[in-house]
Amino acid sequence: FMGETGITPEIGPGKLPGKYAFGAYVHGEDNEQYGGNKSGYYWQADQMIWREDGDQGLRMFSLFVFAPSYNNDFSFYMHGGLSYEGLIPKRPKDQLLAGVALGNYGAAMAEDGVQPTQTVLMEVGYRIRLSGWAFAQPFAQYISRPDGFTDVGNAAILGVSLGADF
């Protein structure tokens, strides 16, 4: 089950679009070992902060999730960043993206009585619009403490995502 409520205001003299939402979820699974269903609450804020032309411009995005530590992988999770659409004049639908994510592990993730701490991910990418419905996105990521412990080394990743919009 998931429920959400929010608003989509247009802010400022340029009527910059945004989305602000609050929601909650319950994920039913056989999780009696940790006290039943997983659940949590979240707050999302997405806002265009500068418009160049039409949909082109700079946007910020963020998400904050709070969940009980005893039965969730993450008791706190957040991500946020910036995206800029139309940076290159001849590529008006391409997007430059930069973001960071942080997750604090919940008590349910403890191993042999040792509680993992947190993991942090930083990412930059460039989404190349191949057509009206397809894109390719080269990206670079750096992940600190991928499993929340110090026994697994940090990771640097280069990759490419391919996608289609329906």
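Use the structure listed above.
Residues numbered from 1 in each chain as written. Predicted model: local features only at pLDDT ≥ 70, side-chain atom pairs only at ≥ 80, totals over all residues. Heavy atoms only, no water.

Draft legend 1. Here's a closer look at the overall build of the protein chain. Regarding its fold elements, the protein chain presents zero helices and ten strands. Overall, the protein chain shows an N-to-C arrangement of helices and strands of β-β-β-β-β-β-β-β-β-β. By principal-axis analysis of the C-alpha atoms, the protein chain measures approximately 55 × 35 × 30 Å. Contacts in the protein chain between residues far apart in sequence, at least 24 positions, make up 41% of those at least 6 positions apart. When the 11 positive and 18 negative side-chain charges of the protein chain are each reduced to one mean point, those points stand 13 Å apart. (Helix = DSSP H or I, 4+ residues; strand = E, 2+ residues; numbered from the N terminus. Contact = heavy atoms within 4.5 Å. Lys, Arg positive; Asp, Glu negative; His and termini not counted. Charge placed at Lys NZ, Arg CZ, Asp CG, Glu CD.)

Draft legend 2. Here's a closer look at the packing of aromatic side chains. If you walk through the whole model with that rule in mind, you get six aromatic pairs. A centroid spacing of 5.3 Å and a plane angle of 45 degrees characterise the contact between F66 and F76, whose relative ring orientation is tilted. In this pair, F66 is assigned in strand β5 (residues 56-66) and F76 in strand β6 (residues 74-85), connecting sequence segments ten residues apart. Judged by its relative accessible area of 44%, F66 is partly exposed. (Phe/Tyr/Trp six-rings, centres within 6.5 Å; stacked < 30°, edge-to-face > 60°. Buried < 20%, exposed > 50% of the residue type's maximum accessible area, 1.4 Å probe, protein only.)

Draft legend 3. Spotlight on the pattern of salt bridges. Inspection of every chain in the model, using the stated rule, returns four salt bridges. Residue R91 pairs with D94 through a salt bridge whose shortest N-O separation is 2.8 Å. Since its relative accessible area comes to 3%, D94 is described here as buried. Of the charged contacts, one joins D165 and R129 as a salt bridge, the two residues approaching to 2.7 Å between their closest N and O atoms. Here D165 is found in the segment after β10 (155-164), whereas its partner R129 is found in strand β8 (residues 118-129), with 36 residues between them in sequence. (Salt bridge = Lys/Arg side-chain N within 4 Å of Asp/Glu carboxyl O.)

Draft legend 4. Structural context of unusual backbone geometry. Phi is positive for D112, which is not a glycine, with a value near 55 degrees. Inspection of the secondary structure assignment puts D112 in the loop between β7 (95-105) and β8. By relative accessible area, which is 83% here, D112 ends up exposed. Phi angles above zero are rare outside glycine, and R145 is one such case at about 50 degrees. Residue placement: R145 occurs in the loop between β9 (134-144) and β10.

Any link to function would need more than the numbers given here.
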